[in-house]
Each structure stands twice: as C-alpha cells, then as structure tokens.
Amino acid sequence: MLVALLCVGTLAALTELRRTQLGEQERQQVQAQLSEARVRLDRLIADTFHLSAGLVVLAQVDGEVSAERFARYFDTMHGERPQLRNVVVAPGDVVQLVHPLSGNERVLGLDYRKVPVQWAQLERTRELGQPLIFGPVKLVQGGQGVIQRNPVFVIDQGSRRYWGSVSLVADLERFLTESRLPTHSLDLQLHTLGTDGRPAERLFGPETLQARAVALTVQLPGARWLLQGQPRGGWTPAPLWLDPATLGTALGCLLVTGLSFALGQRRRLLQLRNDELAHEVSQRRQAHAEAEDARGRLQGLLDLSSDWLWEQDAELRLSYLSMGSGSLTQELTPLIGKRRWETQNLLPGAAWDQHRATLARREPFRDFEYAFRNAQGEAIYVSVSGSPVFDEQGRFKGYRGTGRDISAVRRTEQALRHSGDELAQAHAHVREAVQRLQAVLDSAVEVGIITVDLEGRVDLFSRGAERLLGCTAAEAKGVLARTFHLQGEVEAEAQRLAERLGRPTTRSETFQRQAEGLDGGHHRVWTYVRRDNGQQLRVSHTFTELRDTQGRHVGYLAVVLDMSAQLRAQEATAALKNQLQTVLDSAEDIGIVAMSLGGQIELFNRGAERLFGYRAHEVLGRDALMLHDPDELRRQAELKSQELGRKVGRHEMFRLTLGPDGRGPLSHWIYVRKGGERLDGALRFNEMRDREGQAIGYLAICMDVSDQVRARRELEGLNAQLEARVAGRTAELQNALTTLQQAQDELLRSEKMAALGSLVAGVAHELNTPIGNCLTAASTLEERTQETQRLFEQNALKRSALESYLREAGMGTQLLLRGLRSAVDLVTHFKQVSVDQTSEQRRRFSLAGVAEDVISVLRPQLKNSRVRLDLDLQLAQEIDGYPGAFGQLLTNLILNANVHAFEGVSEPCLTLQSRELEPGWFELTVRDNGTGMSDEVRRRAFDPFFTTKMGQGGTGLGLNIVYNIATGVLGGHVELRSSPGEGTAFVFRLPYEAPQQREVAGAMRAS
C-alpha cells in the first residue's frame, strides 16, 4: 500500500512538472515569435523614422532646409515605404516643405499655432527637447496613423535657439502590415506605454488577453510601445497522459505496484531499477528540452537576422538557401543550380578571379562582397563567408556558409560620408564663428565681459574688462570675481537680502539670485574697485547663468559697463531740470505741460496751475486728457476715424497732427478746469526728441483764448451781414450776366445765319455755271432735233445730215451729263455739310472725307482768293464723334485764314495735316504761311467778340467757336502758335472717340 501511495504521488508530481515544462516551452515559443516580431518592428521603425532624424541634422548644420536639399535628400534616402504618408518641415512652426507634395498641397502654409491639438504636441516636444511619437491619431486621408514630432534647435550666436519642427506621419495599418506580425499563430496586442510604464492607447489587437500573455517593450525614437501575445485562442492545457515520459512513468508505477504485491522479495531490486529508470528518463527529458531549445534559438536567429545559410555542391552550384520571406529571397532564389558569379546584372568591382582561385584551392573564405542590380534597378550588396565540406573519406563535397544583405550598410556609409563632409563644413563654420566671436569680444573695449565657474572664479577676462579694472587677463584668471567688488557694498546687500527673506544669506547667494533674475532682474548697479590705482567705479552689471548645449549649468556671465560718466550726466540733467522748472514756472500766462509717450503728465508749470486750477502734484502721472472736454474728444476722434477709414484713439488723434519735424499746428479746444468750468483754449502740441532724433515725449503749450473767441464770434456776425449784402449784389450781377449771355447767343445765331447766307450764295453761284451749260446744250439739242425731224417728215433727210445730227447729239448729251454730275456732286457735298451741322448726329466718319466735303462747299468763296489748300489727313482709323462739329471747326478756320491771314502774301497756302499720337489720340494741325499775329492778338485770339476787322464784316466769334468745339464737343485741346511774319498754326490734340455728353447738342448750337 505504501508503494502504491508513493507511485501515485510520484506520478502526480511528475505530471505537474511535465505540465510546467510544456507550458514553459509554449511560452518560450510565443516569446521567440514576439522577439522576431519586435526585431521586424525595430527594423521598420528605424527604416521609417530615420528620415526625420536626417532632416533635423540638416537643419541644425545649415540653419535652414532649402527646397533643393529637401528634394535631393529624398532622392537619395527615400525608397519605397508604403507605410509613410508624408514628411513635413515647418520652420517657425509654419509648414514650408512637404514630401510627397502630391495630395498634400493644402498642408503648405499651415500654421501649427492655429491648430490647438498639433500645437500642444509641438509645445511638449519643445519643452522636452527630444522627438516624441503621438498615436493613434485619425488621419485626414482616412484611417489611423502615428506622428513623430521632432523639435529642431540650432546654435545661434552661442545660444540654443528653437528653429522649428520636422514631422513624419506613418499609416498605422500599413505600418503593422509591413511589420508582418505573426497574427496567424498568435493573438497580439500593441499598446503605447505611458510615463508611468502602464499600457495607454491600444494600437492593434483584441481588447483583452489572458493574464499570462507574454509582453515585450518596443523602443521608438520618442515613445515606447508594449507588444503582448498569447497562442491563438489562448493557452491550451497539454494532453499529459499521452506524453511518453508520463505514460512510461505511469506504467512503471503500475508495474512496480503489481510486482510489489506479487514479488515482495524483489522489492529492493525493483526499487533500485525504478531509480535508474527515473534518472534515465530525466536525462533524456533534459537532453530533449535542450535540443528543442537549441533548435528554436537557431531557427529564431536565422529568421530574425539578415543572414542566411547556403550550400554549394562539388561543382560550386548553389544547392540550398535558408532565407526567410524577405524581398532578397526573390532575387537569390533563381540562383539555385547556378554558380555565384553567374548572377545576372553583376556590378563591377568584385574580385571574382581571386574568389574562384580560393574555391579551386578548397580554402575557406570570409566576407567576400559582390553587388548586382535587382529588377527595379536598385544596387544590392551581398557579403558571403564559407568553408569547404569533406566526407569521411576526405572527398570534397562542396561549400557551406552564411550570407548577409549589406545594402543598407553601404547606403548608410555613403550617407555618412556625405554627412561627414557637411559636418566638416559645419565645423569650419563653427571655428570661423568662434574666431569672429573672439574678435568681437576683443573689440568691445568699452564693455567688460567676464565669465566665472560655479565656484565664482574667473574663466574669461576680455580686453574691455582689463581696461576697466586695471588688471590683465592672466592676473584675473582663477581669482574670485567678487574681490573686484567694493566689499562693504556686497555685505550690505547680503544683509538687506537676509532681512527681506527672513533667513541668513551669503555674499555668493546675492550674485546667484541676480543670475536667476530674482530681486529685480539680472541688471544691477555695483561699485567696482580698480586693481592698479584703487579707483572706485559705478558700473552697470548684468549677471546671467551659462549653460552648455545639454542645458547644464556650467558658470556665470557678467557684462560690465562703466556708468560713472552717465551718473554724473544724470546729476547734471537733474540740475538742468530744476533750472528748467524755474524758467517754466516764470511763464505764468502760458500753461506748459510735458507728457510721456504714453500721455502721462510729467511736468506742470505754474501757468498750467493757474489755467486749469490744479496743483502740480495733483496731476503728475495722470492722463493729460483729463484737461479736455470728453464729449469734444469723442466727436473729434469719430471724425478722424471716418476720415482715415479706421478707428483712431484719443491719444493718436493728437499725434496725427504732428509734421515731419515733430511740430503741430495751433488748434482750438475746450479745456475743463478743476471745478468743472469750461473755457476756450488754444493748443500747440509738439513732439520732444533727443539729440539722436528719437521721440522721448510730448510738450503741450496751452493758452486761454476766451476773449479772442468772443471777439471772433462778433466778427463772424459782422461777416454774416456783409455776406448777405454781397449775396444781393451777386444776384443783381447774375441777372446782368444772364442778359449778356442771351445777347451773346443772339449774336452767335446771327453769325451762323450770315455764314449760312454766304455759303448758300457761293453754292448758288457755283451751281449757276454747270446748270447754264446744261441749259445751252439742251436748247441746242432741241433745235437740231426739230430740224432733223422736219427733214425727215419732208423725206429730205440725207445720210450726211443724220450723221451730223447724231454726232452733235452725242456731244450735247456728254455736255449735259458733265454739267449735271458737277451739280449733283456740289449738291451732295452741300447736303452732307448742312445735315452734319444741323442734325448734331454722332457717327463714325473719316477726317479726310469731312474735310473734302467742307472744301467742296467753300470752294466758290475761295476761288478769287488764290489760296492753295494742301491736305495730308491720313489716319489709321475712323473717328467716332460729331462730323458737324468737325465741319464747323474747319469752316471757321479756313474762312478766318482767308479773311485775316494773307494780306500782302503773293502765294497764300493753307495746310491741313494729321498724325498719330499715343493710343486713342491724334493731332490735327491747320497751318498758313500768312502774316502771323502779334503777342497781343495771339493772347486774345479765342476771346469772344475780339476781331482785327471790326466794322469790316468780322464779329469776333469765329475762333471762340473753334475753341469751344475743340475743348467741349470734341473733348480735346488746342494750341495757337504764331508770330509776326511767320504764319499761324492751330494744333489740336483730339481723341478718336468724342466724349458722351448730354450737352453736346447745346454746345453745337452755341458753336
């Protein structure tokens, strides 16, 4: 019975041990798969997020990222990455560059500060000074993603300055797809880890897993993720009763129990045998577990690493490759059955002859590198190592070894070489900047610059400090900086600080608090003591902390400026100010108020006290607008705002009156005295400037002008009476002017009627000749016809007589046609001129055509004057206007020249010429070779009723009508050029399109 109990106990213990071992084996398998997944995640993370790190380095080295460098960077570094959505560069947190640009155009110009969620992320990365990854986030393009925010800090003039940010957006779903997580065999969860180390946002997987789930941490640049996994469907209990070791043990126990009852005598022997069997089982179990563990580790390492195993047969053809599912498998699998140097698209550079010689000698080789191009044209770099394999009889069987894809290494080396060149350039720039900084420090001889370590000992002592304190840099180096201070002053300041803080303080703490900006800031005024002569100097002392690039406190910086002369100048200024106050107080009839740039009263003389009723201490520091009527200020500000189209403040209203010299005009305002009494005042508002021309305040000179205002109002009353009288006289003059204008219109109509009568008489005379010729030819033809008819009726008509009749009839009809055509042409011209001048119709016309019509009508009047007309009126386009007005203008000019210009001229000539001007304009010149005009006549030529032929038929309205037509109806300009003996020229500058005027008809009637 005891043996049975012992067997049962042994079986139970063995079963539990075996369950534990099998569970641990299953857990180790899950952990191996998770480790493999983590390795792939690490590779994908490095491949995805290293792009932003390179851009950050570019920005830090160059101080900027140009569009060209940005594009070249992605040409060389950016391969096929389907998980990458975009990379954004935002100097000053405003997006300027984005890759890829297609589909992301709206991102350009985005100001992160206007997007609260993204701005909060950037502020956090800037505070921590390191890249951070945020996710999961909902992407605008759809789906979820993760965003890496990289703050960029540059070294500017020795200080660390925030430059902007580089952001990288990855598609979470594609990211996880590219990582090839073993979801077919495991239930996986992927979480972000919070700062407390606990899972935060779930990125992937089911909501819950069993408590025994295996967890691994994935480190990202700026975040940590937690990868958890368990067997798909959960942990399953192992069928222990089917395990060989368990079954064997159980059978052994049963056998031992049975034999114990049957063979008690052999109990001891069986017990010994049982112990031996148990020991053997344990050893076999341990060996089996170790073998399984070694096999799992080897397979895991092969699957996780970028290396692979290969074998070659005796003819050096590849017979085996252990590669996983990587992209390189597709490139190398076709090599099975081929020699290595038979790879397609091999790149030059590999020592194939030496390699084949090594293989021929059956020697091992290591790290033999060669390269080829894949189907996409990318260069693939491979490194292989191998050893020969021999059988037991020493016969050569082939080679066995490992291979490695080193493409990423070679590309990284190329990138590093390029970055090294850029870094060397950056170092050169840094050395140059250091040299310039040293030169600047040495040139600042008026300012002492001192740096001290954390113990307060001098590290750097500029030439300005040497000059100020009478001590060389070698003498000052290592000396406690506070020894340059007046010791009693430092101790007194430490004592005041202790009283304020309520605890003891040291002299060093006084300077530490100044460096931290406490107790009034970094700036103080201290007393320094020169080392060479003991002279005490009052100095401006700015004390700040020095920190290295990692932000660690390494010392202090003191900038010292001698203020002794400045303080003496301030004392002198105070004395002058007191003297000025005395002078201003003596001006009791004028109020003088000085104000700051913000409008606060700084000076108030006795005249101002007398004017406004305030004492100086009552108004100092208060707003000067308290002295004005608020209603008047509001009204004036509203008027100024309407005038400028923007809101104008009450203070700005006074500044807007200032001229370039800072002086304002004299203006009138209503002042309010202390008791509320209002009075009329005058104000002169000027700007006060220092010697450099910078504004330092305003000066108001105020006067009581109540008496002058009363006098002005009385004067305005008198002016109103005078204006009423003037209005009455104006009405009388207006009536007289109306009568005069009516008389002028009557004279103009008379002038037109006289011109029309002359025109009709000339046309009638011109028509008389062709019509008379036609009448003579018609009467002659009638007589010859009657005579021929009589001969015909008497049968006495001869052939010769008929031929003579026909010949004379043809000549007569030709004479009739010529005469009638001349009459028709003359009537047509006259009709066109009369229609244009009476209809006032607007139409398109040719300038040459209108001139021809006018000259044809005027030819009878010019026949006896011997005036030769030369026309050169070729324009590129027709005129859109009033041909009647043009005809009237030409008629008046031709008749005026015929009457006034050619006295004593043997060969009178009148020239009409036109030419093109700028687009839309042309020039018309009417020139004669007559006697010309004197200056007096030329000045009055266009005046109405002015003529040099008064009493000889002239009315003095011809050129006045020309001027009105040219400048009014035709919308142009006219210039008169003339001098005695040189002829006269009227030059018109006219538009091709006359103005659309409602008064055109009236103007034409007046002309």
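See the structure printed just above.
Along each chain, the written sequence defines residue order, and numbers are assigned to residues from 1. Reporting in this predicted model follows two pLDDT cut-offs: at least 70 for local features of residues, and 80 or more for side-chain atom pairs to be given and counted; totals over whole chains, interfaces and linings ignore these cut-offs and use all residues. No hydrogens and no water enter the side-chain calculation; it runs on all heavy atoms of the structure.

> How do you make sense of the overall build of the chain when you look at a structure like this?
A run of H or I in DSSP becomes a helix once it reaches four residues, and a run of E becomes a strand once it reaches two; helices and strands are each numbered from the N terminus. Tallying secondary structure elements over the chain gives 25 helices and 31 strands in all. Think of it in three bands: with a 1.4 Å probe and only protein chains considered, a residue is buried below 20% of the maximum accessible area for its type, exposed above 50%, and partly exposed in between. A buried classification covers 36% of the 1007 residues belonging to the chain. Put simply, 56% of the contacts in the chain that link residues at least 6 apart link residues at least 24 apart. For this analysis, residues touch if any pair of their heavy atoms sits within 4.5 Å.

> So what exactly am I meant to see when it comes to empty space enclosed by the protein here?
In this approach the atoms are scanned with a rolling probe the size of a water molecule, which exposes any empty space left behind. Only protein atoms enter the calculation, which uses a 1 Å grid: trapped sets of points that fit a 1.4 Å probe without letting it out are cavities, open sets showing protein on both sides within 12 Å along at least five of seven lines are pockets, and any residue with an atom within 4 Å of a point is a lining residue. Grid points are joined across faces, edges and corners, and a volume is the space filled by probe spheres set on the points. Applying the stated criterion across every chain yields a total of five cavities of 30 Å³ or more. Estimated volume of the largest cavity: approximately 210 Å³. Every residue lining the largest cavity is counted, 19 residues in all, and those nearest its centre are M595, A624, L625, H628 and F685. For the lining of the largest cavity, the secondary structure elements donating two or more residues are β20 (591-595), α18 (650-655), β23 (678-689) and β24 (695-704). Here the nonpolar group is Ala, Val, Leu, Ile, Met, Phe, Trp, Tyr, Cys and Pro; Asp, Glu, Lys and Arg are the charged ones; every other residue, Gly included, is treated as polar. Residues of the lining of the largest cavity, tallied by class, amount to 14 nonpolar, four polar and one charged.

> Quick question: what am I supposed to make of helix α13 (residues 507-515) here?
Residues that lie three or four places apart on an α-helix share one face, since the helix turns once every 3.6 residues. For α13, the complete set of buried residues consists of E509, T510, F511, R513, Q514 and A515. Buried residues in α13 make contact with α12 (487-501), β17 (523-529), β18 (536-547) and β19 (553-562). In the segment just after α13, G517 is the residue with positive phi, at about 80°.

> I'm lost on the nonpolar core in this one. Help?
Nonpolar side chains in soluble globular proteins generally cluster together in the buried interior. As used in this record, nonpolar core signifies buried Ala, Val, Leu, Ile, Met, Phe, Trp, Tyr and Cys residues forming a set joined through side-chain atoms within 4.5 Å. By size, the foremost hydrophobic cluster in this structure holds 46 residues, and its most contacted members are F886, L889, F922 and F988. Elements with a contribution of two residues or more to this core: α21 (847-862), α22 (883-900), β28 (909-916), β29 (921-928), α24 (958-969), β30 (973-978) and β31 (984-991). Once residues lying within four places of it in the same chain are set aside, the contact partners of F922 are L847, L875, I879, F886, R915, L917, F988, R989, L990, P991 and Y992. Counting residues in hydrophobic clusters, the runner-up holds 44 residues, among them I45, L51, L181 and W235.

> What is the right way to read the sheet that holds β23 from this model?
With antiparallel pairing, the five strands of this open sheet are ordered in space as β21-β20-β24-β23-β22. Every interior strand has two partners, whereas the edge strands, β21 (601-604) and β22 (663-672), have only one. Averaged over neighbouring strand pairs, the angle between their axes works out to 25° when direction is ignored. DSSP bridges decide pairing: two strands pair if at least two such bridges lie between them. Pairing analysis gives eight bridges linking β22 to β23, with the strands arranged antiparallel. Of the residues in β23, the one forming a bridge with S667 is L683. With respect to the sheet, helix α17 (residues 630-644) is in contact with β22 and β23, its orientation differing from that of β22 by roughly 140°. A fitted line through C-alpha atoms represents every axis, and for helices the fit uses only the stretch in contact; the resulting angles, taken between N-to-C directions, go from 0 to 180 degrees.

> Please explain the sheet that holds strand β12 (residues 365-373) as it appears in this structure.
Remark on secondary structure: sheet strands pair via backbone hydrogen bonds, oriented parallel or antiparallel. Pairing within the open sheet is antiparallel, and its five strands lie in the order β11-β10-β14-β13-β12. Pairing within the sheet leaves two strands with one partner each, and these edge strands are β11 (318-321) and β12. Neighbour-to-neighbour, the strand axes of the sheet open up by a mean angle of 30°, direction not taken into account. Where strand β10 (residues 307-312) lies against β11, three bridges are found, and the strand directions are antiparallel. Residue pairing in the sheet places Q312 in a bridge with L318 of β11. Helix α8 (residues 352-360) rests against β12 and β14 (396-405) of the sheet, and its axis sits at about 135° to β12.

> Whenever I open this one, the pattern of salt bridges confuses me. Can you help?
It is possible for side chains bearing opposite charge to pair when their charged atoms get close. When a carboxyl oxygen of Asp or Glu is within 4 Å of a side-chain nitrogen of Lys or Arg, the pair counts as a salt bridge. Applying the stated criterion to the full structure yields 44 salt bridges. A salt bridge links E413 to R410, with the nearest nitrogen and oxygen atoms 3.0 Å apart. With E413 and R410 both in helix α9 (residues 407-443), this residue pair falls three residues apart, about one helical turn. Between E643 and K640 there is a salt bridge, and its shortest N-O distance comes to 3.7 Å. Within this pair, E643 and its partner K640 are both found in helix α17, separated by three residues, close to a single helical turn. Assessed through its relative accessible area of 57%, E643 is described here as exposed. Beyond isolated ion pairs, a larger network of salt bridges with shared partners links E369, R410 and E413.

> What should I look at first to understand the packing of α21 against α22 in this one?
Describing two packed helices takes the angle between their axes plus the distance from one axis to the other. Orientation of α21 relative to α22, taken along the N-to-C sense of each, is 40°, at an axis distance of 10 Å. By the criterion of interaxial angle, the relationship of α21 to α22 is oblique. The way α21 lies across α22 gives a crossing that is right-handed. Facing α21, whose interface residues are L847, V850, A851, V854, I855, L858, Q861 and L862, α22 presents P883, F886, G887, L890, T891, I894, L895 and N898. Classifying every residue of the contact of α21 with α22 by side-chain character gives twelve nonpolar, four polar and no charged. The scheme is simple: roughly parallel for angles under 35 degrees, roughly antiparallel for over 145, roughly perpendicular for 65 to 115, oblique for anything else. When the near helix sits turned anticlockwise from the far one by under a right angle, the crossing is termed left-handed; a clockwise turn instead gives a right-handed crossing.

> Just checking my understanding: could you explain unusual backbone geometry for this structure?
Excluding glycine, most residues fall at negative phi; most peptide bonds, likewise, are trans. The linkage connecting H99 with the following residue, P100, adopts the cis geometry, with an omega of -5°. Located in the positive-phi region is L316, a residue other than glycine, with phi close to 65°. Turning to its location among the elements, L316 is positioned in the loop between β10 and β11. Residue classification places L316 among the buried positions, given a relative accessible area of 11%. One non-glycine residue, R362, lies in positive phi territory at about 60°. Relative to the elements of secondary structure, R362 occurs in the loop between α8 and β12.

> It is not clear to me how α17 should be interpreted in this structure. Could you clarify?
Working rule for helices: expected span equals 1.5 Å times residues minus one. With 15 residues, α17 should cover 21 Å at 1.5 Å per step; its first-to-last C-alpha distance of 21 Å lies within 8% of that length. Check the buried side of α17 and you find it contacts α18 and β22.

> Honestly, the pairing of strand β9 (residues 223-231) in this entry has me stumped. Any pointers?
Taken residue by residue, a regular strand's side chains alternate between the two faces of the sheet. In terms of burial, β9 is largely enclosed, as eight of its nine residues are buried. For strand β6 (residues 186-193) and β9, the ladder comprises seven bridges, and the chain directions are antiparallel. Counted as the bridge partner of Q189 is Q228 from β9. Pairing analysis gives seven bridges linking strand β8 (residues 214-220) to β9, with the strands arranged antiparallel. Within the sheet, the bridge partner assigned to L216 lies in β9 and is L227.

> Would you take a moment to explain the packing of α22 against α24 for this structure?
In contact at an axis separation of 9 Å, α22 and α24 are set at 150° when each is read in the N-to-C sense. Accordingly, the angle class assigned to the pair α22 and α24 is roughly antiparallel. Relative to α24, the crossing made by α22 is left-handed. In this structure, α22 contributes A885, Q888, L889, N892, L893 and N896 to the contact, and α24 contributes G958, L959, I961, V962, I965, A966 and V969. Across the contact of α22 with α24, the residue classes break down as nine nonpolar, four polar and no charged.

> I tried to follow the side chain of D928 on my own but got confused; where do I start?
Here D928 shows up in strand β29. A polar atom in the side chain of D928 sits 2.9 Å from the backbone nitrogen of G930. Apart from the residues within four sequence positions on either side, D928 is in contact with A897, A901, F902, C909, L910, G983 and T984. For this analysis, a polar contact is any N or O atom pair within 3.5 Å, provided that within protein one partner can donate a hydrogen and the other can accept it, and provided that sequence-adjacent residues contribute only side-chain to side-chain pairs.

> Any chance you could explain the environment of L139 here in plain terms?
Mapped onto the fold, L139 is located in the loop between β3 (132-138) and β4 (144-156). You can call L139 buried: its relative accessible area is 9%. Distance from L139 to R85, taken between C-alpha atoms, is 9.6 Å for residues 54 residues apart in sequence. Excluding residues that lie within four positions of it along the chain, L139 makes contacts with R85, Q144, G145, V169 and D171.

> Could you clarify how one ought to interpret the side chain of T358 in this entry?
Among the structural elements, T358 can be located in helix α8. Owing to a relative accessible area of 14%, T358 belongs among the buried residues under this scheme. If sequence neighbours within four positions are ignored, T358 has contacts with E363, P364, F365 and Y399.

> Any chance you could explain the packing of aromatic side chains here in plain terms?
Centre distance and the angle of the planes are the two values used to describe a pair of aromatic rings. Aromatic rings from Phe, Tyr and Trp, with only the six-membered ring used for Trp, were paired whenever their centres fell within 6.5 Å, and each pair was classed as stacked if the ring planes differed by under 30 degrees, edge-to-face if by over 60, and tilted otherwise. Applying the stated criterion across every chain yields a total of 21 aromatic pairs. Taking the centre distance of 5.2 Å and the plane angle of 50° together, the rings of W352 and Y370 count as tilted. A residue pair is termed long-range when its members are at least 10 positions apart, and W352 in helix α8 and Y370 in strand β12 qualify at 18 residues. On the basis of relative accessibility, which here comes to 12%, the residue W352 falls in the buried class. Using a relative accessible area of 6% as the deciding quantity, one classes Y370 as buried. The interplanar angle of 35° and the centroid separation of 5.0 Å between the aromatic rings of F654 and W669 together place this pair among those described as tilted. Highlighted residues: F654 in helix α18 and W669 in strand β22, separated in sequence by 15 residues. Using a relative accessible area of 7% as the deciding quantity, one classes F654 as buried. Take W669: its relative accessible area is 10%, and that puts it in the buried class. Taken together, the ring pairs connect W310, F365, F390, F396 and Y399 into an aromatic cluster. Only when the NZ of Lys or the CZ of Arg is both within 6 Å of the ring centre and within 35 degrees of the ring normal is a charge said to sit over the ring. Above the face of the F396 ring, R362 is positioned so that its terminal group lies 3.9 Å from the ring centre. If you follow R989 out to its NZ or CZ, it ends over the ring of W921, 4.5 Å from the centre.

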